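Listed below are the residues making up each chain.
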Number of protein chains: 2
Amino acid sequence: MPQNTSPHVAVIGLGAMGLPMATHLAGAFPVTGFDIAQARRDLLVAAGGGQAGTPAEAAAAADVALLAVRDHEQASAALFGEGGVTSTLRPGGVVILTSTIGPDAARELHARLQATGHVLVDAPISGGPVRAGQGDLLIVVGAEDAALQQVRPVLDRLASTLTVVGPRPGDGQALKTINQLLAGVHIAAAAEAVALARGLGLDPAVVVGTLAQGAAGSFMLGDRGPRMLQAYTDEPAEVKSRIDIFVKDMGIVTGVGREAHVPLPLAAAAQQLYLIAEANGLGAQDDSTVVTVLSPATRP
Amino acid sequence: MPQNTSPHVAVIGLGAMGLPMATHLAGAFPVTGFDIAQARRDLLVAAGGGQAGTPAEAAAAADVALLAVRDHEQASAALFGEGGVTSTLRPGGVVILTSTIGPDAARELHARLQATGHVLVDAPISGGPVRAGQGDLLIVVGAEDAALQQVRPVLDRLASTLTVVGPRPGDGQALKTINQLLAGVHIAAAAEAVALARGLGLDPAVVVGTLAQGAAGSFMLGDRGPRMLQAYTDEPAEVKSRIDIFVKDMGIVTGVGREAHVPLPLAAAAQQLYLIAEANGLGAQDDSTVVTVLSPATRP
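- An unreviewed UniProt entry annotates chain A as NAD(P)-dependent oxidoreductase of Nakamurella flavida.
- A UniProt comment under Sequence similarities (unreviewed entry) is attached to chain A, and it reads "Belongs to the HIBADH-related family."

This is the structure in structure tokens:
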């Protein structure tokens, strides 16, 4: 299709990232959203978008279907299951995959979409819900240039930084996987630092404040460190990104490492830490609360 | 003693950090240095300092003895062994401990120095050799205010940032231990990111450049990441900080965690990674070369 400066976009999945993306897109393009939860669809309608009862219905009039679902299984079902996107999306229509599902899974979807006459643009996102609603995301793309150009207006509406990693679907996922490796390890390292500060009788706020700017600093220490301290107050941190997201993503990281035969001992340790947190009932809590499995609020 | 604005300083240990500190101090104070290696003493003399054949001889005319040795064992020997500092340092003279040896070891030295009529200021340093020679170090102090004031001119000459953590010797070591936990984990995480990028066929320079500024960023990714890439060229990175320093420091980190009953799974994984690197003959190499045990230059 020729580059369409006002494409009709179907957004599949109106969760923590999907809803703010759909809402922000609706300020520039016709948008139809689908989510299993009617309440999420109502929120999009209130924000000026349209809604549909199935992915197929959402995609029927669309040029582009943007997937913002949780994982590979949900993506497969939304595209190829009963009432799936590919049953109605017009020939040559483009699917934008914003979810983090890993490179192999993205390539598998790409191959199946080629068979149905559609195109995949692998475009995993980073930045969180607030930035998603402001068009301020980091998007890393794996796609042929021709495919990318078709959806460039949509991605430009969502991204403040768009990096094209390579021409193959899966290349964006590969870089996002490395991003999640570092993010997940750095959050866990910040948790160890806060836990050790508490264990040694130091003021963890002073420790985080002193170390965040120096050679020990990381984005996550500066961002999650102060939220970890909230876990020891009566006002625990607002849930911005859930622990079970890192259970999923560190699973992708270590799986990708295993397939590529690259040892990742720290990522594996961080994965276990998120699993421990989830096993202790914290899956739906903010990822900063992982600190409490290392240093509970009340220590024995 | 009253605050002395031009104290005579004995510097014990003229290694990678001790020599540039002694040289920079010699621009402001009388300095006498000791090192086992005559060649290191000669370098200090060439830079305007004095030299001595034993720690005792160096400390004989000194108000302050600054220790820049490798570990607890060397510190004990330099202070209390044959020809040690305490045999000559005047009553009430202050020992500044700049080495990273852990809080318990610092408290042990403090107790022994109290028995010999001397004072310990726990003041571990960060910043590397170049900054050591420019008075641009980060120094974290554990000391009573009265003791600190006695050596404040010396520390101010060396530090661009001086943080007083608490009044007890060992408090500075505690914060430095947490600093090393984060630094050691972040270097290892950067190594995993570079290794995974190579394993997935991505350009690691693009990966480091893209991720260093975002949510996956850390000081170490920005600093050591590019030096890790040099490991795959004909010009490996200059040795700025050796791998065996992190073998020592991650040993302190995990030991302190064990004593405090704080689980540190990532620090433990990083410790093993540095031990693997050392076991493979890399102990004296730059710490950025730890990446090569995850991803050798020539892969099978």
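1. So, the interface of chain A and chain B
Many structure descriptions define interface size as the accessible area lost when the parts assemble.
Okay, so step 1: The interface of chain A with chain B comprises 49 residues on the first partner and 49 residues on the second.
Okay, so step 2: In this assembly, chain A packs against chain B so that about 4,300 Å² is buried in total across both faces, 76% of it on carbon and sulfur atoms.
Okay, so step 3: A per-residue breakdown of the area chain A buries against chain B is headed by E192, L196 and L266 of chain A, which together make up 16% of the total.
Okay, so step 4: Taken together, the links from chain A to chain B amount to zero salt bridges.
Okay, so step 5: Inspection of the chain A/chain B interface yields six residue pairs in polar contact (both at pLDDT 80 or more).
Okay, so step 6: Per-element accounting of the side of chain A that touches chain B gives the leading share, 19 residues, to helix α8 (residues 171-199) of chain A.
Okay, so step 7: Residues of the side of chain A that touches chain B, tallied by class, amount to 36 nonpolar, eleven polar and two charged.

2. Re the relation of the copies chain A and chain B
Okay, so step 1: It takes a turn of 180° to lay chain A on chain B, together with a shift of 0.0 Å along the axis; the resulting RMSD is 0.0 Å. Interpreted geometrically, this transformation is the action of a two-fold axis. For chain A, the residue whose C-alpha comes nearest the rotation axis is S218 of chain A, separated from it by 1.9 Å.

3. Some remarks on the UniProt feature "active site" (unreviewed entry) in chain A
All names here are of chain A.
Okay, so step 1: Here, UniProt's "active site" (unreviewed entry) annotation points to K176.
Okay, so step 2: On the secondary structure map, K176 appears in helix α8.
Okay, so step 3: Residues contacting K176, with those up to four places away along its chain left out, are T100, P124, I125, S126 and V140.

4. What to know about the UniProt feature "domain: 6-phosphogluconate dehydrogenase NADP-binding" (unreviewed entry) in chain A
Okay, so step 1: Annotation from UniProt places "domain: 6-phosphogluconate dehydrogenase NADP-binding" (unreviewed entry) at residues 9-166 of chain A.
Okay, so step 2: The distance from the first to the last C-alpha atom of residues 9-166 of chain A is 24 Å, and the span holds 41% helix and 24% strand.

5. Some remarks on the packing of helix α9 (residues 204-211) of chain A against helix α10 (residues 219-230) of chain A
All names here are of chain A.
Okay, so step 1: Contact pair α9 / α10: the axes reach a minimum separation of 10 Å and the direction vectors enclose 175°. Looking at the two axes, α9 sits roughly antiparallel to α10. Residue-level contacts link P204, A205, V208 and L211 of α9 to L221, G225, P226 and L229 of α10.
Okay, so step 2: For the contact of α9 with α10, the per-class residue count stands at seven nonpolar, one polar and no charged.

What counts and how
- Residues numbered from 1 in each chain as written.
- Chains lettered and ligands numbered in written order.
- Predicted model: local features only at pLDDT ≥ 70, side-chain atom pairs only at ≥ 80, totals over all residues.
- Heavy atoms only, no water.
- UniProt positions renumbered as here; feature names shortened; annotations may be inferred.
- Contact = heavy atoms within 4.5 Å.
- Buried area = accessible area lost by both parts, 1.4 Å probe.
- Salt bridge = Lys/Arg side-chain N within 4 Å of Asp/Glu carboxyl O.
- Polar contact = N/O pair within 3.5 Å; in protein donor to acceptor, adjacent residues only side chain to side chain.
- Helix = DSSP H or I, 4+ residues; strand = E, 2+ residues; numbered from the N terminus.
- Nonpolar A, V, L, I, M, F, W, Y, C, P; charged D, E, K, R; others polar.
- Least-squares fit on C-alpha atoms with pLDDT ≥ 70 in both.
- Axes fitted to C-alpha atoms, helices over the stretch in contact; angles between N-to-C directions.
- Parallel < 35°, antiparallel > 145°, perpendicular 65-115°, else oblique.

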